[in-house]
Amino acid sequence: MKSHARLLAMEEGKDPKTGNAAKIFPLKVLQFFLMFLFTGLACSLASIYTLRYFGEQNVAPLAKSAFLPCFEEPNKLERWIKPPSNLMHPMNDTELLWRASLVPQIKDYPFERTPKIAFMFLTRGPLPMAPLWERFFKGHEGLYSIYVHSLPSYVADFPPSSVFYGRQIPSQEVEWGMMSLCDAERRLLANALLDFANERFVLISEACIPLRNFNTIYDYLMNSRHSFMSVYDDPGPCGRGRYNWNMAPLIVLEQWRKGSQWFEVNRRLAVDIVKDTLFYPKFREFCKPVCYNDEHYFPTMLSMQSPQLLANRSITWVDWSRGGAHPATFGQPDITKEFLMRIIHGENCTYNDQQTNTCFLFARKFAPNALDPLLELASEVFSF
Ligand SMILES: *[C@@H]1O[C@H](CO)[C@@H](O)[C@H](O)[C@H]1NC(C)=O
Ligand SMILES: *[C@@H]1O[C@H](CO)[C@@H](O)[C@H](O)[C@H]1NC(C)=O
Ligand SMILES: *[C@@H]1O[C@H](CO)[C@@H](O)[C@H](O)[C@H]1NC(C)=O
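As the structure is a computational prediction, the values presented were derived from the model and not from experiment.

Looking only at helices and strands, one finds 12 helices and nine strands in the protein chain. Across the 384 residues that make up the protein chain, the buried fraction comes to 44%. Taking the intrachain contacts of the protein chain between residues at least 6 apart in sequence as the baseline, contacts between residues at least 24 apart amount to 78%. With an accessible surface of roughly 21700 Å², the protein chain has 59% of that area assigned to carbon and sulfur atoms.

See below:
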């Protein structure tokens, strides 16, 4: 009886339970389903809100964000200030110059910024002085960036350990004396401007060498109140004689200037050069050989726009004393300690309105066979 009753109870207990469960089960599924629906709805609302809110503040590709999970990390500042990791890009010159002309309107940077020197190598192909430069840059990572513009047909083969490895920028044909030369210089400046840390911009040729060690050059440039663009008014046939009256009234004869192609400018002047659309067409059209626009375009434009920012002298030593269309090139027999000391301290000039005999930080032109004697004398004469 007892066991039967228990069995009955179990059965009784079981039956009603199963009956109840059958009624309750769809309700639980419904509850769960509703909860799921609510979570989903909340997520969608959150992501719509996020998109609206942040979408207005930046130009991030919205289509991409729409596929990201609910709680996406908002756009970090690093994204805007990190220099491009790969110097090759698909931008054409119009796009590149536009991109490089974007300038923050707030002067103070909201992040730790160590200013760098951008060394812009304008070359045809190989860099015969590379071993000297490698020694010069050694140990100063983070204080410089390198950009190389060579002829497009040239394939650079620097090993990964080299400071020049991967530093080639998208390049185009350059005809010396033509506007394509100034185009290449603006292309170098524009690529270098993409890195917010670059503050001073030096144009270097394959025949250039540094005359001082890195720290000396860094301090000299960073503390200078002026940019080193050589600017002068040459009344002769190679100066004013190259002026074209079609440039008036934008440029009148009295404003026409000449200077060396090998300049050094600060960030502000670098932007002024890449953003120019006013002077550019005049020089492209009315300054063709025997007018060499690389000797007139930037000197004339900058001395009209920002004369107070210019030192009016070059920091790249060159020897025109032999006459002719090209400056002297120095090879192995020329390289002596006396010769180099004469370049380094042979002239007086002003620096931040003070007299100094440190006028030159770089020198040209040096033949490839000058490399070995230069490497031998570098530590004694150049201190690196
Ligand atoms: C670069 O591309 C843009 C858009 O296609 C075009 O308008 C511009 O003319 C191009 N610039 C050059 C220099 O090719
Ligand atoms: C360079 O020349 C300009 C005039 O073109 C002048 O205003 C400026 O002060 C000069 N710079 C220096 C450092 O003397
Ligand atoms: C540079 O200035 C110093 C001191 O004023 C003078 O002794 C020296 O002769 C000058 N050098 C040159 C090359 O003019």
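In the vicinity of ligand 2, the residues found are His 226, Pro 307, Leu 310, Ala 311 and Asn 312. In the environment of ligand 2, a nitrogen atom lies 2.8 Å from a nitrogen or oxygen atom belonging to the backbone of Leu 310. One of the side-chain N or O atoms of Asn 312 is found 2.3 Å from an oxygen atom in ligand 2. Considering ligand 2 on its own, with 360 Å² of exposed area, one finds that the protein chains cover 54% of that surface. Here the shell around ligand 2 is composed, by residue class, of three nonpolar, two polar and no charged.

We now examine the nonpolar core. Ranked by size, the top nonpolar core spans 52 residues in total, and within it Phe 119, Trp 133, Phe 164, Phe 366, Leu 374 and Phe 382 carry the most contacts. In terms of residue count, the dominant contributor to this core is helix 12 (residues 371-382) (six residues). The next biggest cluster of nonpolar side chains, apart from the first, holds 48 residues, and it includes Leu 87, Cys 182, Tyr 243 and Leu 309.

Mean pLDDT for the protein chain: 87, with 81% of residues reaching 70 or above. Residue range residues 1-24 is modelled with pLDDT below 50. Its contacts to residues more than four positions away, or to other chains, number three contacts. Here residues 45-66 scores under 50 on pLDDT; set against residues more than four positions off or in separate chains, the count is 14 contacts.

Turning our eyes to something else, we now look at helix 12. An ideal rise of 1.5 Å per residue puts 16 Å on 12 residues; helix 12 reaches only 14 Å between its terminal C-alpha atoms. For helix 12, the set of buried residues is Leu 371, Pro 373, Leu 374, Leu 377, Ala 378, Val 381 and Phe 382. Viewed along the axis of helix 12, the buried residues span an arc of 150°, placing them on a single side of the element. Residues of helix 12 that are exposed and point over 90 degrees away from its buried face: Asp 372 and Glu 376. Ser 383 occupies a position one or two residues after helix 12 and carries a positive phi of about 60°.

Pairing within the open sheet is mixed, and its four strands lie in the order 2-1-3-5. With partners counted over all chains shown, the strands left at the sheet margins are strand 2 (144-149) and strand 5 (264-266), one partner each. Strand-to-strand twist across the sheet, computed as the mean angle between neighbouring axes with direction ignored, equals 20°. Across seven bridges, strand 1 (residues 116-122) lies against strand 3 (residues 198-205) in parallel orientation. Its bridge partner lying in strand 3, Leu 122 is registered against Ser 205. Relative to strand 1, helix 5 (residues 130-137) is tilted by about 175°, and along the sheet it contacts strand 1, strand 2 and strand 3.

Attention now goes to the environment of Leu 250. Considering the arrangement of structural elements, one finds Leu 250 in the loop between helix 7 (214-222) and strand 5. In the structure, Leu 250 is positioned 28 residues away from Leu 278 in sequence and 8.6 Å away in space, judged by C-alpha atoms. Setting aside its immediate chain neighbours within four residues, Leu 250 contacts Gln 255, Leu 278, Phe 279, Lys 282 and Met 304.

Let's shift gears to the pairing of strand 3. Judged by how many residues are buried, strand 3 sits mostly within the fold: seven of eight residues are covered. When strand 3 meets strand 5, the two strands line up antiparallel, connected through three bridges. From the neighbouring strand, Arg 200 faces strand 5, where its bridge partner is Asn 266.

Rules used throughout
- Residues numbered from 1 in each chain as written.
- Chains lettered and ligands numbered in written order.
- Predicted model: local features only at pLDDT ≥ 70, side-chain atom pairs only at ≥ 80, totals over all residues.
- Heavy atoms only, no water.
- Helix = DSSP H or I, 4+ residues; strand = E, 2+ residues; numbered from the N terminus.
- Buried < 20%, exposed > 50% of the residue type's maximum accessible area, 1.4 Å probe, protein only.
- Contact = heavy atoms within 4.5 Å.
- Areas by Shrake-Rupley, 256 points an atom, 1.4 Å probe, with all protein chains shown as cover.
- Near = heavy atom within 4 Å.
- Polar contact = N/O pair within 3.5 Å; in protein donor to acceptor, adjacent residues only side chain to side chain.
- Nonpolar A, V, L, I, M, F, W, Y, C, P; charged D, E, K, R; others polar.
- Core = buried A, V, L, I, M, F, W, Y, C linked by side-chain atoms within 4.5 Å.
- pLDDT = per-residue confidence, 0-100.
- Expected span 1.5 Å × (residues − 1).
- Arc of directions from axis to C-beta.
- Pairing = 2+ DSSP bridges.
- Axes fitted to C-alpha atoms, helices over the stretch in contact; angles between N-to-C directions.

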